[in-house]
Amino acid sequence: TVTTYFAVYSTCTSSRLFVLGSLTDDSGNVVLNRIRVLDFDGTTFTEASFSPIILSDGDDATTDSDNSFTGMVLDQANSVLYVSDASAAVVHAISAVDGTEVTTPIAIAGVPQGMSLADSHLYVCNDSTEETEQLITAIDVSDFSTTTIDLDIPCSQVAAQSNGTSVILLVRNADTQSLLIQTVDTTTFASASDIASADTATYANGSLSSGAGISSSIEGIVTTSDSSGNFYVYLSEIDGNIQYITIPSSLSSYTLETLSTSAINLGRGAVLEDTSGNGVSAFVVSEAGALLDIEVGT
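What you are looking at is a predicted structure, and each value in this text was computed from that prediction instead of being measured. (Residues numbered from 1 in each chain as written. Predicted model: local features only at pLDDT ≥ 70, side-chain atom pairs only at ≥ 80, totals over all residues. Heavy atoms only, no water.)

### With respect to the overall build of the chain
Then, in step 1: Broken down by element type, the chain carries zero helices and 26 strands.
Then, in step 2: In terms of overall dimensions, the chain is globule-like: its C-alpha atoms have a radius of gyration of 19 Å, near the 19 Å expected for 298 residues.
Then, in step 3: Once the C-alpha set of the chain is aligned to its principal axes, its extents read approximately 60 × 45 × 35 Å.
Then, in step 4: Buried positions account for 50% of the 298 residues belonging to the chain.
Then, in step 5: Of the contacts formed within the chain by residues at least 6 apart in sequence, a portion of 41% connects residues at least 24 apart.
Then, in step 6: Once the 5 positive and 37 negative side-chain charges of the chain are each reduced to a mean point, those two points are 11 Å apart. (Helix = DSSP H or I, 4+ residues; strand = E, 2+ residues; numbered from the N terminus. Rg over C-alpha atoms; globule rule 2.2 N^0.38 Å. Buried < 20%, exposed > 50% of the residue type's maximum accessible area, 1.4 Å probe, protein only. Contact = heavy atoms within 4.5 Å. Lys, Arg positive; Asp, Glu negative; His and termini not counted. Charge placed at Lys NZ, Arg CZ, Asp CG, Glu CD.)

Here it is in structure tokens:
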């Protein structure tokens, strides 16, 4: 009845769709811990034999009607679907091939929120009121080991992007209209540092804030890179503005430009990439019924 998250896994002949939301269980309860799995061959939808996937909280006495799942990311290269579970403070790792859990749920201290995958690491946001838990957890998808990056803010969204050499992190503060612009130490995956502003008179090093780079409320963060290793970031906002950030491959500084649109209530988006993984178009949806298509790099 309600769809909250959606992910797609590409097979040789079809697309496998994972839909997380509210479903009715065998007892007639409306529950939030099931993922419906549909295969689409370009013409016909069929439900996978292992659908729905049931995310257990380990307590058979509960009805699973109040679970809070806060993100879903598909790792195409390793055929793994990740789901962040704020209720149980874990991230589930599920095979996109057969729906089984590929490892025990990965513990995340605090309240895990949005996630993003780049350079073989899954970055997990944490919206915790405990300062010691206000971390980004980096999960190595090769062995599920974890490191943490201390940014000292509760965060609701994170977007990571790799250009093959460097990784940038865009982290939205859960409490204020502010955003961190960071580069990850890819030697340890245990720290990140500010990317300088090209206009320090207007924008702070390593961050944007309300009135200084953010004009309303950030709803989505779209990131990509080009064949030269330059990064492009599009922040979609409720007022119809898109904050367009460019970062050269050298990571020397970021620049910001506001793109005004005729649409309002901009939501989240995605990037169309070419076969080499370079961004071609950035798409952003509007709750008012528009689809924005931005040529990457313009």
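### Topic: unusual backbone geometry
Then, in step 1: With an omega of 0°, the peptide bond running from S51 to P52 counts as cis.
Then, in step 2: Tracing the sequence through the fold places P52 in the loop between β4 (45-47) and β5 (53-54).
Then, in step 3: Here N265, not a glycine, exhibits a phi torsion of approximately 55°, which is positive.
Then, in step 4: Locating N265 in the fold gives a position in the loop between β23 (255-260) and β24 (266-273).

### Here's the deal with the state of the cysteines
Then, in step 1: Scanning the model with the defined rule gives one disulfide in all.
Then, in step 2: The residue that forms a disulfide with C125 is C155, at a sulfur-sulfur distance of 1.9 Å. Here the residue C125 occupies a position in strand β11 (residues 121-126), and C155 occupies one in strand β14 (residues 155-162), the gap between them amounting to 30 residues. (Disulfide = S-S within 2.5 Å.)

### Notes on the pairing of strand β2 (residues 15-24)
Then, in step 1: In terms of burial, β2 is a largely internal element, eight of the 10 residues being buried.
Then, in step 2: Across eight bridges, the pairing between strand β1 (residues 2-10) and β2 is antiparallel. Note that in β2 the partner of Y5 across the bridge is L20.
Then, in step 3: Linking two consecutive strands that pair antiparallel, namely β1 and β2, is a turn of four residues.
Then, in step 4: Hairpin connection of β2 to strand β3 (residues 30-40): five residues between the antiparallel strands, including G28 at a positive phi of 90°. (Pairing = 2+ DSSP bridges.)

### Structural notes on the pattern of salt bridges
Then, in step 1: Taken as a whole and assessed by the stated rule, the structure comprises two salt bridges.
Then, in step 2: When the shortest N-O distance is used, the salt bridge between D39 and R16 registers 2.7 Å. Here D39 is found in strand β3, whereas its partner R16 is found in strand β2, with 23 residues between them in sequence.
Then, in step 3: Among the residues examined, D39 registers a relative accessible area of 15% and is labelled buried.
Then, in step 4: Relative accessible area serves as the criterion here: at 13%, R16 is assigned to the buried category.
Then, in step 5: Among the ionic pairs, R36 bridges to E47, the shortest N-O distance being 3.5 Å. You can see R36 sitting in strand β3 and its partner E47 sitting in strand β4, a full 11 residues away along the chain. (Salt bridge = Lys/Arg side-chain N within 4 Å of Asp/Glu carboxyl O.)

### Regarding the side chain of Q157
Then, in step 1: Here Q157 is to be found in strand β14.
Then, in step 2: The exposure class assigned to Q157 is buried, which follows from its relative accessible area of 9%.
Then, in step 3: Here the side chain of Q157 touches E219 through a polar contact of 3.2 Å, landing on its backbone oxygen.
Then, in step 4: Residues in contact with Q157, not counting those within four places in the same chain, are C125, L170, V171, R172, I218, E219, G220, I221 and R268. (Polar contact = N/O pair within 3.5 Å; in protein donor to acceptor, adjacent residues only side chain to side chain.)

### Thoughts on the packing of aromatic side chains
Any pair of aromatic rings gets described here by the distance separating the centres and the angle formed by the planes.
Then, in step 1: Throughout the structure, instances matching the rule amount to two aromatic pairs.
Then, in step 2: Ring geometry for F40 against F45: centres 4.3 Å apart, planes inclined by 20°, an arrangement best described as stacked.
Then, in step 3: Geometrically, the ring pair formed by Y234 and Y244 is stacked, given 5.1 Å between the ring centres and 10° between the ring planes. One end of the pair, Y234, is in strand β21 (residues 231-237); the other, Y244, is in strand β22 (residues 241-247), and 10 residues separate them in sequence.
Then, in step 4: Taking relative accessible area as the criterion, Y234 reaches 0% and is therefore assigned buried. (Phe/Tyr/Trp six-rings, centres within 6.5 Å; stacked < 30°, edge-to-face > 60°.)

### So, the sheet that holds β23
Then, in step 1: Read across the sheet, four strands follow the order β20-β21-β22-β23 without closing on themselves; strand pairing throughout is antiparallel. Where the open sheet ends on each side, the last strands, each with one partner, are β20 (218-225) and β23. Averaged over neighbouring strand pairs, the angle between their axes works out to 20° when direction is ignored. (Axes fitted to C-alpha atoms, helices over the stretch in contact; angles between N-to-C directions.)

### A word on the environment of I106
Then, in step 1: For I106, the location among the structural elements is in strand β9 (residues 106-107).
Then, in step 2: A relative accessible area of 7% means that I106 is categorised as buried.
Then, in step 3: Considered as a pair, I106 and V2 are 104 residues apart in the sequence and their alpha carbons are 26 Å apart.
Then, in step 4: Apart from the residues lying within four places of it in its own chain, the contact partners of I106 are A89, V90, V91, I139, F144 and T146.

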